[in-house]
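Each chain is listed here by its residues.
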Amino acid sequence: MKKISLVCLSVFVLASCVSKKKYVALENENGQIRSELYKTRVAKEDLETKFDIIQKRVDSYNEKIASLNDLNTELNKENDSKMETVANVAVISNDTKKSMRNTLKKVDPAQLAGAKTLKDSMDLAVSYNLTKSIDTSSLNEDEDIAISIDETVVMISISDKLLFNTASYRVSNKANNILQKLADVINSEPSIDVMVEGHTDSRSINNEKVQDNWDLSVLRATSVVRKLQNEFNVSPEKLIASGRSSYAPLASNDSSDDRAKNRRTRIVILPNINKFFALMEDDSTVASN
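Residues numbered from 1 in each chain as written. Predicted model: local features only at pLDDT ≥ 70, side-chain atom pairs only at ≥ 80, totals over all residues. Heavy atoms only, no water.

### Considering the overall build of the protein
At step 1: Looking only at helices and strands, the protein features nine helices and seven strands.
At step 2: Here the analysis covers contacts within the protein between residues at least 6 apart in sequence; of these, 65% occur between residues at least 24 apart. (Helix = DSSP H or I, 4+ residues; strand = E, 2+ residues; numbered from the N terminus. Contact = heavy atoms within 4.5 Å.)

Put into structure tokens, the structure is as follows:
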């Protein structure tokens, strides 16, 4: 009986020792796992900290890139609007030059070949746009109306027979068509002055209403100015009336044909070149839509 008890006790003690070894082994394994988990957690936190630092750098670089892009955009705008003096006559921007180039694509190549300088190109483009704005298809351009450019100033010369009766300074109703077209161009551009300049031939005139050619040339100019103001709603602040009498002739006054050329009214349009082309560009955009 004692032997059996000793055997049972031995088995129990042996079993307890095995279980304790497994427990210690498991504890050691658990400690290692906890240690690895701690190391992993520390490494993760370290990576997150480094990631945050890198992300802040990336955000900072992105902000700098965006700022540089904005600066580049502003510089491009500034460059486009940068003014340039052309032949000491007009000041234009790069935007204007772009619009001019678009206009010049439509100009007769033979005419374009004669443009040697930027000022020549500007004159040609202004003349093209203004001629397009004023439809002269129903007029004899050689005899009734002529459009020219002199130092970027647009000049429209209209024969007396289109505007007045002989020796009269009252504007004829047959001039309404061309004056309406002129008024449309003048009213479309807020930054221009318009000088109406009367010219006569060399034959003298004197009657109860007109003292001489000075008188006649000025009266004709003021008649056109009044009609533009009163009937075609041109702002009077834009208008200048002047007379040259017979002292700026186009021809010799030796023949009736030459005298007819000298009897004329000249409309001198002084545009702000930048706004003029901006207006034409807007009109082209509207027309294409």
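Okay, back to it.
### Digging into the environment of V153
At step 1: Summarising the element assignment, V153 is placed in strand 4 (residues 153–159).
At step 2: Note: C-alpha distance between V153 and V268 (115 residues apart in sequence) is 6.9 Å.
At step 3: Not counting residues within four places of it along the chain, the set of residues in contact with V153 comprises S148, V268, I269 and L270.

### What to know about the pairing of strand 6 (residues 239–243)
At step 1: The pairing of strand 5 (residues 192–199) with strand 6 spans five bridges and is parallel. Its bridge partner being in strand 6, V196 is matched across the sheet by A241.
At step 2: With helix 7 (residues 213–230) bridging strand 5 and the parallel strand 6, this β-α-β connection has right-handed handedness. (Pairing = 2+ DSSP bridges. Right-handed = clockwise from strand over helix to strand, strands pointing away.)

### Structural notes on the layout of surface pockets
At step 1: Considered as a void within the structure, the largest pocket measures approximately 800 Å³ in volume.
At step 2: As for the largest pocket, its lining consists of 37 residues, of which D160, A260, K261, R263 and R264 are closest to the centre.
At step 3: Mapped onto the lining of the largest pocket, the elements with two or more residues apiece are strand 3 (145–150), strand 4, helix 5 (160–163), strand 5, helix 7, helix 8 (256–262) and strand 7 (264–271).
At step 4: Looking at the lining of the largest pocket, its residues break down into 12 nonpolar, nine polar and 16 charged.
At step 5: Estimated volume of the second largest pocket: approximately 210 Å³.
At step 6: Lining the second largest pocket are 10 residues, and of these V107, Q111, L124, S127 and Y128 lie nearest its centre. (1 Å grid on protein atoms, 1.4 Å probe; cavity = no way out; pocket = protein on both sides within 12 Å on 5 of 7 lines; lining within 4 Å. Points joined across faces, edges and corners; volume = space filled by probe spheres on them. Nonpolar A, V, L, I, M, F, W, Y, C, P; charged D, E, K, R; others polar.)

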